[in-house]
Amino acid sequence: MTRKFPENFLWGAATSAPQSEGAQYEDGKTASTWDVWFEKEPERFYNEVGPKDTSLTYEKYAKDAKLMSEMNLNSFRTSISWNRLLPDGKTVNEKAVLYYRDYFLKLKEQGVEPIVNLFHFDMPWWLMEKGGWESRESIEHFAYYANTAFEQFGDIVQHWMTFNEPIVHVQCGYLGNDHWPQVNNFKQAVQVAYHTMLAHAAAVKVFKEKQRKGRIGIILNLSPVYARSDKEEDQEARGNSELLHIKSFLDPAVLGKYPEELVTMLKDNDLLPAAESGDSELLAAGKVDYLGVNYYQPLRVQAVNKEKVHHPAKSPSDFSRAYDWPEKRMNLYRGWEIYPEGIYDIAIMLKDEYENIPWYISENGMGVSDEERFMDEEGIVQDDYRIEFIRDHLDQTLKAIDEGANCFGYHLWTFVDCWSWLNAYKNRYGYYRYDLETGKRIPKKSSFWMSEIIQRNELDR
Ligand code: GAL
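Residues numbered from 1 in each chain as written. Predicted model: local features only at pLDDT ≥ 70, side-chain atom pairs only at ≥ 80, totals over all residues. Heavy atoms only, no water.

Just to check I follow, could you spell out the sheet that holds strand 5 (residues 159-164) for this structure?
Spatial ordering of the closed barrel is given by 2-3-4-5-6-8-13-15, a layout of 8 strands whose pairing is parallel. When strand polarity is set aside, the average angle formed by the axes of neighbouring strands in this sheet is 25°. Where strand 5 lies against strand 6 (residues 215-221), 4 bridges are found, and the strand directions are parallel. The partner of W160 across the bridge, within strand 6, is I216. Running at roughly 160° to strand 4 (residues 113-119), helix 7 (residues 137-153) makes contact with strand 4, strand 5 and strand 6 of the sheet. (Pairing = 2+ DSSP bridges. Helix = DSSP H or I, 4+ residues; strand = E, 2+ residues; numbered from the N terminus. Axes fitted to C-alpha atoms, helices over the stretch in contact; angles between N-to-C directions. Contact = heavy atoms within 4.5 Å.)

Following this line, the structure appears as structure tokens:
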């Protein structure tokens, strides 16, 4: 059976400035937490490949734009590096302006619509030294940065995003040690999450007040939460996890306020963040026009052992426990579950509970290690596993669209293999392989397959 995608469906791929630009300290860019962290502890990064070795977009963007167009992509998401545009937080770096303007224009000239995000885990070091998102000051600094970006690029860019996966810098930086500052403290984590959403709202507010052209949104990683069973305790764990992992960002972004149950939960555990008067109004002003949804794998949970949990809670694991579903289908090359039906469930949730807001799949994809194993004699990675992965997720997307979901696009993570934080280039995700030695971009089989899907705008099953 062949099914059509809606007309003008956005087909593209996504990356971020810190993961692809390179040119670490060139042309006035100052350090982000990643640059400094790598200098302090290079051994934490896979094969000691750090942020300076990312995929050279800074020099190759024009060629990349051409490759995208040859692949029939009509859109592409990347981010601006805050510390490139405003190296000290205040002064506009003219070289950065020239670079990003030309980058976005080159994309447009190739018929590739840029979607531009402002923050992708790359906290400027000067702001981290003042406490990063923990400090209330960060809100104002971010709003200033956002306004600068709108002023400098608003004539070219029509699709803006404030944050990519804002829960990730909270989880990895304040409930774990995969992001700087490697703090493990629930209360601080909640404060950071709260300031992040206020900063998001401040950026949206400034965008709307100045009546900028285009639309503004946020990118959230929305994994549906599935419980081990229908038992009350497992369902309670599911509800808790949904509040902490989904609604904590989705509700303020789409509905302009936090859910009551979340506030009660935090209050009961002495976790409420410090707030100021006017915050609720600010959050209400932060409602987005559209949403990007990143989806890789679902969340599966089960009841906590009530005798063992802390009260007040010390970590999210006091509210729900991870559940390892024995029947899961796995991406063995990355250790992640593959569950395409998750896309459908998210789509229906957004339709029924979130005003059927327009959204697109802003990241989906399959990380695979040692992909050179799958190269043919011509050096083309035969990534049939990725083709199957994409096809299964597109299939579920179409099913949801048929049922009224407001999904308008699909972006793969990523176009050219890029740097994945502590994992560096361990897992590859791109339509194009990145040769670390030469900087060359080499198409993978999936790029040819996808190019045809896009051209036909339909999928065979
Ligand atoms: C996402 C993140 C990206 C990229 C991707 C694949 O969570 O937004 O930056 O690293 O995972 O690992």
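Whenever I open this one, the packing of helix 10 (residues 232-255) against helix 11 (residues 260-268) confuses me. Can you help?
A pair of packed helices can be characterised by two numbers: the angle between their axes and the separation between those axes. One can describe the packing of helix 10 onto helix 11 by two numbers: an axis separation of 10 Å at closest approach and a directional angle of 115°. Judged by the angle between their axes, helix 10 and helix 11 are roughly perpendicular. At the point where helix 10 passes helix 11, the crossing takes the left-handed sense. Of helix 11, the residues touching helix 10 (which contributes N240, L243, L244 and S248) are E261, L262 and M265. (Parallel < 35°, antiparallel > 145°, perpendicular 65-115°, else oblique. Left-handed = near helix turned anticlockwise from the far one by under 90°.)

Even after reading the chapter, I still don't get the side chain of S79, so can you show me in this structure?
Following the sequence through the fold, S79 ends up in strand 3 (residues 75-79). Given a relative accessible area of 1%, S79 falls into the buried group. Within the local environment of S79, its side chain forms a polar contact with the backbone nitrogen of A17, the two atoms lying 2.8 Å apart. Residues in contact with S79, not counting those within four places in the same chain, are T15, S16, A17, P18, E21, Y100, N117 and H120. (Buried < 20%, exposed > 50% of the residue type's maximum accessible area, 1.4 Å probe, protein only. Polar contact = N/O pair within 3.5 Å; in protein donor to acceptor, adjacent residues only side chain to side chain.)

So what exactly am I meant to see when it comes to empty space enclosed by the protein here?
In this approach, a probe sized like a water molecule rolls over the atoms, and the result shows the empty space that is left. Across all of its chains, the model carries 5 cavities of 30 Å³ or more by this definition. Lining the largest cavity are 15 residues, with A17, P18, K29, D35 and P51 positioned closest to its centre. Broken down by secondary-structure element, the contributors of at least two residues to the lining of the largest cavity are helix 1 (17-20), helix 2 (33-40) and helix 4 (82-85). The residue makeup of the lining of the largest cavity, split by class, is 4 nonpolar, 6 polar and 5 charged. (1 Å grid on protein atoms, 1.4 Å probe; cavity = no way out; pocket = protein on both sides within 12 Å on 5 of 7 lines; lining within 4 Å. Points joined across faces, edges and corners; volume = space filled by probe spheres on them. Nonpolar A, V, L, I, M, F, W, Y, C, P; charged D, E, K, R; others polar.)

Is there a simple way to think about the site of the ligand in this case?
Within the structure, the ligand sits among Q19, H120, F121, N164, E165, N294, Y296, E363, W413, S420, W421 and Y429. Contact distances for the ligand include 2.9 Å between an oxygen atom and a side-chain N or O atom of Q19. At 3.0 Å, a side-chain N or O of Y429 approaches an oxygen atom of the ligand. Of the residues that constitute the shell around the ligand, the class distribution is 5 nonpolar, 5 polar and 2 charged. (Near = heavy atom within 4 Å.)

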